[in-house]
Each structure stands twice: as structure tokens, then as C-alpha cells.
Amino acid sequence: MTELQSRGLQLTAPDAGAASRRGGAGPSDHKAVTIDGHTIMVPVHTAGASKSRFRASAPDPSGASELLLDGTAVASVRFPRQPRFYALQTFDGVPYHHIATLHGADVLATTVLQTCIRYASRRQACQFCAIGQSLAAGRTIARKTPDQLAEVARAAVLLDGVKHMVLTTGTPNLTDRGAQVLCESAFAIKAAVDLPLQGQCEPPDDDRWLQRMQAAGIDTLGMHLEAVTPEVRARIMPGKATVPITRYLEAFEAAVAVFGRGQVSTYILAGMGDTAAAILEMCERLVKIGVYPFVVPFVPISGTPLESHPAPEPDFMQSVLRPLAVLLRRGGLRSSDMKAGCGKCGACSSLSAYES
Ligand code: SF4
């Protein structure tokens, strides 16, 4: 799984299963693939994927595909089916899949605000991010209203049995940094359906937002460091790096006091320049605080400034994920104990497979 996520996958039948993710916030250009009961997101639209040694055959009538490595079958894989809620549209005429999409096997995910103050300027934008691409391509809308999110979440639970939901957002301002829009959204969703929610934003300027988010119905919180050393952060994400790591660490401690140990997480993108030792050192600090470090392989998304940056080698990922699983075990943190969110879904990394 680690190798597949690093190298990507060629598809004989690109339309099999649920549609792949192209553009959008966070990791993208993936398709969900189920191997050995684990659903992981595998790059299929990146330059590396088009040259990958892995290929999936067209699914047989039962939905199983052969995973071929240099033409030799090495595993049987499946593609989660297209969810039923994708066929519907809101009362005001917006396709449901423009509001939220299925991630992994059973996660509903949305980017509440598809715009970001940092994305507008290439000198400020995170160089790995494609938040504006899906908007420009007409595959989503700029602002999902609380009513739209509630309507889609309810349908996704009833029709497709989704188990939890991720609400991420572009950063709208330098004060609450997205916390307010997450509060409004969570409140409306929880009024419509009982669905565990993860909110994801930059650390707000005032820790009282953490309690407000929890009171609004957010069960777990993600605040994403992305890179762990100041030099790499300044180079890859010049705008976001103006919120220093020290502020993240303060906010993590405050958030664990509100949401609980193991219910706060952070994305760390391995392969952007941080060494394995630096990533593991940061992970050790985070685990001590009670924060789940969700380390994922960096995916060079087409159309971003980093589209030609290589994905991390599988050996590099193993050198991080294997010891990280030991750190997590020692710290008593487990993906499966999270109530909601990326750490629980786990599809963008093979970390949870190392845990188990
Ligand atoms: S880990 Fe997060 S971003 Fe990745 S597929 Fe799961 S919910 Fe989506």
C-alpha cells in the first residue's frame, strides 16, 4: 500500500467505481482503492501515476480488479462504488456532489469555502494546494451554505451509510481563520442528522473558538502543520508559515483540553523537504500532547507549482510510518479511536495499516 501510494496507479478502466478526485483542497488527483479491507486514496492523475509500474485491470462482473506490478498480478483490488447521493441535487438546483463528495469508503467531505486568502497570491499560496482548480472547472461552488450541507449530509447518511464527515475550509481571514464558518456549518448539519464531524482550519487567533466549534457540534479538530521545519514551511507555504509552529503547538494543547486526547489531529505531508528524523521528532512532541500526527505522502498535483516535485520514495515513507506506529502505540493514540476525520478515515496514508 505504501508503494502504491508513492508510485500511483494506471487504470485500464478509468471510470470504474466512484469518480476520482481532481483538484480541490488538500491531497487530490486520487482514486479510492480497497485492498485487503483497507480503502486508500491512490494517485491516478499525477505525472508519476502515468508512468507507474502498477496497473489495475478492468473490474470483472463481481467488481474485482487485478492489481498488476510490471504485468504480474500481485493483489485483488476493488473500487468503492459511485454513491447514490451523487445523482441528486439541492432544492436550489446544485448537484449534491458539488457540495460534498465521498472520500475513502464511508466519509463525506466538503470544502465549505472553496476560496482562500492565501491562494489568491502565488507568493502567499501553499504550493501543493489546488483549492481553486475544482472551482474554476465548475465542479464545485465557492460557498456551501449550512442548509445545503445539512441536506447533502442527511442524504449521504440515508442513501449511502456514510459514517463521518470532514469539513475543511479555505482560510477566509486572519482572525478566526475559518472557525466561524465551520461553526455555522456544523450546527446546521447536526440539527439535520446525527453524524460525527471533523472541522479543519488554521489555528484561530483566539482559543475561545475551540470551545465554540465543539459546542456547535464538531467532534474532532484538524489543524494542519503540513511541514514541520520553519525553512520548509516558509518555502512551500509562505503565507501559512506566518502562523508559526509555536502557535500551532499552543493551539494543539488548548484543543486537546476541549476535544480530548486523540481527537485532535494534524496533516504532515512527507516528501516536501523535511527529513524523516525531523518529522518523527515533531510527531513525538505531538503524540505527547495528545495530537494524532497524520503523516501522508505528498502528492504532486497537476497544475500546482509542485506538480514536478517527486513523490516520496516508498522507503522514505516506511522509514517514517513504521516508527510512527510505535510512537502512536506507546502514546495510546489510535486511528480507530478518533470519532471523525482524516485520521479516522486514514485513506490518504498507509499509516493505519502499520498501526494494525
Ligand atoms: S484521509 Fe481525509 S482527505 Fe484523505 S480521503 Fe480520507 S477524509 Fe479525504
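Quick notes on the rules
- Residues numbered from 1 in each chain as written.
- Predicted model: local features only at pLDDT ≥ 70, side-chain atom pairs only at ≥ 80, totals over all residues.
- Heavy atoms only, no water.
- Helix = DSSP H or I, 4+ residues; strand = E, 2+ residues; numbered from the N terminus.
- Buried < 20%, exposed > 50% of the residue type's maximum accessible area, 1.4 Å probe, protein only.
- Phe/Tyr/Trp six-rings, centres within 6.5 Å; stacked < 30°, edge-to-face > 60°.
- Expected span 1.5 Å × (residues − 1).
- Arc of directions from axis to C-beta.
- Contact = heavy atoms within 4.5 Å.
- Axes fitted to C-alpha atoms, helices over the stretch in contact; angles between N-to-C directions.
- Parallel < 35°, antiparallel > 145°, perpendicular 65-115°, else oblique.
- Nonpolar A, V, L, I, M, F, W, Y, C, P; charged D, E, K, R; others polar.
- Pairing = 2+ DSSP bridges.

Engineer: Help me out: how do you make sense of unusual backbone geometry in this one?
Structural biologist: Outside of glycine, negative phi angles account for most residues, and trans bonds account for most peptide bonds. Of note, the phi angle at Asp-70 is positive, near 50°, even though the residue is not glycine. Structurally, the position occupied by Asp-70 is in the loop between strand 5 (64–69) and strand 6 (72–78). With phi around 70°, Glu-226 is a residue other than glycine that occupies positive phi space. Looking at the element boundaries, Glu-226 is found in the loop between strand 11 (220–222) and helix 8 (230–236). In this structure Glu-226 comes out as buried when scored by relative accessible area, which is 8%.

Engineer: Teacher, can you tell me more about the packing of aromatic side chains here?
Structural biologist: Think of a pair of aromatic rings as described by two things: how far the centres are apart, and how the planes are tilted against each other in angle. Throughout the structure, instances matching the rule amount to three aromatic pairs. Centre to centre, the rings of Tyr-267 and Phe-294 are 5.2 Å apart; their planes meet at 85°, and the pair counts as edge-to-face. One end of the pair, Tyr-267, is in strand 12 (residues 264–270); the other, Phe-294, is in strand 13 (residues 291–297), and 27 residues separate them in sequence. Taking relative accessible area as the criterion, Tyr-267 reaches 6% and is therefore assigned buried.

Engineer: Sorry, what's going on with helix 11 (residues 314–331) here?
Structural biologist: Turn by turn, an α-helix covers 3.6 residues, leaving residues three or four places apart pointing in a common direction. Taking 1.5 Å of rise per residue, the 18 residues of helix 11 would be expected to cover 26 Å, and the 25 Å separating its terminal C-alpha atoms lies within 8% of that figure. Buried residues of helix 11: Pro-314, Met-317, Val-320, Leu-321, Leu-324, Ala-325, Leu-327 and Leu-328, and no others. Seen along its axis, helix 11 keeps its buried residues to an arc of 165°; they face one direction. Exposed residues on helix 11 whose side chains face more than 90 degrees from its buried face are Asp-315, Arg-329 and Arg-330. Buried residues along helix 11 sit in contact with helix 1 (2–7), strand 12, helix 10 (276–289), strand 13 and helix 13 (351–355). Backbone geometry just after helix 11 places Gly-332 at a positive phi near 70°.

Engineer: When you look at the packing of helix 9 (residues 245–259) against helix 10 in this model, what are you seeing that I'm missing?
Structural biologist: A pair of packed helices is captured by two measures, namely the crossing angle of their axes and the spacing between those axes. Between helix 9 and helix 10, the least distance of the axes is 10 Å, while the angle of their chain directions is 25°. One finds that helix 9 runs roughly parallel with respect to helix 10. Of the residues in helix 10, those touching helix 9 at Ile-245, Leu-249, Phe-252, Glu-253 and Val-256 are Met-282, Arg-285, Leu-286 and Ile-289. Grouping the constituent residues of the contact of helix 9 with helix 10 by class yields seven nonpolar, no polar and two charged.

Engineer: Would you mind showing me how to read the side chain of Gln-200 here?
Structural biologist: In this fold, Gln-200 is placed in strand 10 (residues 197–200). Accessibility expressed as a relative area gives 6% for Gln-200, which makes it buried. Ignoring sequence-local partners within four residues, the contact set of Gln-200 consists of Val-166, Leu-167, Thr-168, Thr-169, Leu-182, Gly-222, His-224 and Cys-342.

Engineer: Where do I start with the sheet that holds strand 10 in this structure?
Structural biologist: Within a beta sheet, neighbouring strands are joined by backbone hydrogen bonds and run either parallel or antiparallel to one another. In spatial order, the strands read 7-8-9-10-11-12-13; together these seven strands make up an open sheet with mixed pairing. Two strands close off the open sheet at either side, each with one partner strand: strand 7 (101–103) and strand 13. Each strand of the sheet is rotated relative to its neighbour by a mean of 30°, with strand direction disregarded. In the sheet, strand 11 pairs with strand 12 via two bridges, with the strands oriented parallel. Paired with Leu-221 across the two strands is Val-264, which belongs to strand 12. Each of strand 8 (107–111) and strand 9 (164–168) is contacted by helix 5 (residues 146–160), which is oriented at about 165° to strand 8, the strand it contacts most.

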